[in-house]
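Take a look at the letters that make up each chain.
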Amino acid sequence: MKLGRPAVSVYTVPTDAPEADGTLSWDSTTMVIAEVAAGDATGTGWTYGPPSVGGFLREELAPVVEGRDALDIPAVHEAMCRSVRNAGRPGVAACAVSAVDIALWDLKARLLELPMARLLGTARTAVPVYGSGGFTTYHDTHLEAQLGGWVHGQGIPRVKIKIGESWGRAVARDLARVRTARQVIGSGAELYVDANGAYTRKQAVRVGRALDGEGVGWFEEPVSSDDLTGLRLVRDTVACEVTAGEYGYDLPYFARMVAAGAVDCLQIDATRCGGLTEFLRAAALAQAHGLEVSAHCAPHAHAAVAAAVPNLRHIEWFHDHVRIEDMFFDGALDPTGGVVRPLGGLGHGLALRAEEVREYRVA
């Protein structure tokens, strides 16, 4: 069964409040959607990135995909990756490949009339999630409402906030916000922090030691994820686990991070690394080195593959992407109780509400 030419649409959605982390601020999020058809079925995949991802997908990848066998996803994936050699795979190209790859898995499951999780095979039927947001721009009442909603409202027993404000120049406020978070969620919930690479090495060590007093168990990107030596230094010095990997655009990236002993848990983003095909490979690499993995952002893109991975820890229930995916798709999952169950419907179980979200379309 032959694939049609992928259709591409791009949407930009304003945030519901000003947002920032340790190294970046933003007021909107852009989603690039790929739809691939074969026979009577259509698969949908997506990524988050600049609108140029959509243009690259339309101009460079769509001709490569069209006419190939819908069931031979590894072959289509390899053809896409080879075609971007001169453009360079990391960044825009990898995000475009990822969106198509997710659409291909959704399409294959629909052609075979299966939930995607069943197509991949399940290691679990309930996938743990953690609430993620707590942006540095939030005032305390906003932070308290968001964290309290996850922990006390929805029963999600693990949450993450952003620290490293202003490239690490507001450590006192970082730590005050961590203390506020702990007071809100109580002693029974897990507390994570994400510095987005804002700190220097020694600064990250000092902050990490202070985090121990609040029972923080997850210190994400304490230094730049490109600084593997620095990640290893922090990992070897502080009690909380050090994590990174969200900027992995290909398998060699993850291999370097694992070989450096840089992380306690490897983060993987299927909307960046090359889709579900590469997510499974990176998870297997991590498992071979005794590491668990965590899915970064885009929770509905990850739910099915997360159910298939034996060494999965959890998926990130990221505020921006949850909000958009709830708006854009019928069939969105419910994280009440701290887990999602991705076994309903065909494919990933989602259906795009194209008419309802037309106002956000930019390409």
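Up top you'll find the structure we're talking about.
Residues numbered from 1 in each chain as written. Predicted model: local features only at pLDDT ≥ 70, side-chain atom pairs only at ≥ 80, totals over all residues. Heavy atoms only, no water.

Q: Looking at this structure, how should I read the overall build of the protein chain?
A: Assigned secondary structure in the protein chain consists of 14 helices and 14 strands. Relative to a compact globule of 363 residues, whose C-alpha radius of gyration would be 21 Å, the protein chain shows 20 Å and is just as compact. Taken over the C-alpha atoms alone, the protein chain extends approximately 60 × 40 × 35 Å along its principal axes. The 363 residues of the protein chain split such that 59% are buried. (Helix = DSSP H or I, 4+ residues; strand = E, 2+ residues; numbered from the N terminus. Rg over C-alpha atoms; globule rule 2.2 N^0.38 Å. Buried < 20%, exposed > 50% of the residue type's maximum accessible area, 1.4 Å probe, protein only.)

Q: Is there a simple way to think about the environment of V65 in this case?
A: Mapping V65 onto the fold places it in helix α1 (residues 52–65). Accessibility expressed as a relative area gives 0% for V65, which makes it buried. Sequence separation between V65 and P115 is 50 residues, and the spatial gap between their C-alpha atoms is 23 Å. Those residues in contact with V65 that lie beyond four places of it in its chain are L3, G4, P6, V76, M80 and V100. (Contact = heavy atoms within 4.5 Å.)

Q: Honestly, the packing of α1 against helix α2 (residues 73–83) in this entry has me stumped. Any pointers?
A: Relative orientation and spacing of two packed helices are given, respectively, by the angle between their axes and the distance between those axes. At their nearest, the axes of α1 and α2 sit 9 Å apart, and the two run at 140° to each other. Pair α1 / α2 crosses with right-handed handedness. Along its contact with α1, which presents L61, V64 and V65, the element α2 presents V76, A79, M80 and S83. Among the residues forming the contact of α1 with α2, the class breakdown is six nonpolar, one polar and no charged. (Axes fitted to C-alpha atoms, helices over the stretch in contact; angles between N-to-C directions. Left-handed = near helix turned anticlockwise from the far one by under 90°. Nonpolar A, V, L, I, M, F, W, Y, C, P; charged D, E, K, R; others polar.)

Q: Is there a simple way to think about the side chain of T136 in this case?
A: On the secondary structure map, T136 appears in the loop between β4 (127–132) and α5 (140–153). Looking at T136, the relative accessible area reads 6%, which means it is buried. For T136, the residues in contact, after removing those within four places along its chain, are A20, D21, K162, I163, E165, R173 and R177.

Q: Just checking my understanding: could you explain the pattern of salt bridges for this structure?
A: In a structure, side chains of opposite charge can pair up when their charged atoms sit close to one another. Per the stated rule, a full pass over the model turns up 21 salt bridges. Linking R235 and D264 is a salt bridge whose minimum nitrogen-to-oxygen distance equals 2.7 Å. Here the residue R235 occupies a position in helix α9 (residues 228–237), and D264 occupies one in the loop between α10 (251–259) and β9 (265–268), the gap between them amounting to 29 residues. The partner of R313 in a salt bridge is E241, and the shortest N-O contact between them spans 2.5 Å. Placement of R313 in strand β11 (residues 312–318) and of E241 in strand β8 (residues 241–244) is noted, with a sequence separation of 72 residues between them. Its relative accessible area of 26% is what places E241 among the partly exposed residues. Several salt bridges converge on common partners, so that one network encompasses K160, K162, D194, E220 and E316. (Salt bridge = Lys/Arg side-chain N within 4 Å of Asp/Glu carboxyl O.)

Q: Can you walk me through helix α13 (residues 299–308) in this structure?
A: One turn of an α-helix holds 3.6 residues; hence residues three or four places apart share an orientation. For α13, the tally of buried residues reaches 10 of 10 residues, placing the bulk of the element in the interior. Of all the residues in α13, the buried ones are P299, H300, A301, H302, A303, A304, V305, A306, A307 and A308.

Q: Help me out: how do you make sense of the packing of aromatic side chains in this one?
A: Here a ring pair, both rings aromatic, is described through the centre-centre distance and the interplanar angle of the planes. In this structure the tally under the stated criterion is 11 aromatic pairs. A connected cluster of aromatic rings, assembled from ring pairs, spans W26, F135, Y138 and F318. (Phe/Tyr/Trp six-rings, centres within 6.5 Å; stacked < 30°, edge-to-face > 60°.)

Q: How should the sheet that holds strand β1 (residues 7–20) be read in this particular structure?
A: The pairing of strands in a sheet comes from backbone hydrogen bonds and takes either a parallel or an antiparallel form. Strand order in the open sheet formed by three strands is β1-β2-β3, and the pairing between neighbours is antiparallel. For this open sheet the edge positions go to β1 and β3 (41–48), each flanked by a neighbour on one side alone. The mean inter-strand angle of the sheet, taken between neighbouring strand axes irrespective of direction, is 25°. Alignment of β1 against strand β2 (residues 25–38), held across 10 bridges, turns out to be antiparallel. When the bridges of β2 are listed, V10 appears paired with V32. Those strands touched by helix α14 (residues 319–328) are β1, β2 and β3, and its axis lies near 130° from that of β1. (Pairing = 2+ DSSP bridges.)

Q: When you look at the pairing of strand β7 (residues 216–220) in this model, what are you seeing that I'm missing?
A: Each regular strand carries side chains that alternate between the two faces of the sheet. Among the five residues in β7, four count as buried, and that is most of the element. Relative to β7, strand β6 (residues 190–194) runs parallel, the two sharing four bridges. Bridging from a neighbouring strand, Y192 pairs with W218 of β7. Running through helix α8 (residues 201–212), the crossover from β6 to the neighbouring parallel element β7 is right-handed. As judged from the three bridges shared by β7 and β8, these two strands associate in the parallel manner. In the strand pairing of β8, F219 is matched with V242. Taken together, β7, α9 and β8 constitute a β-α-β crossover, and its handedness is right-handed. (Right-handed = clockwise from strand over helix to strand, strands pointing away.)

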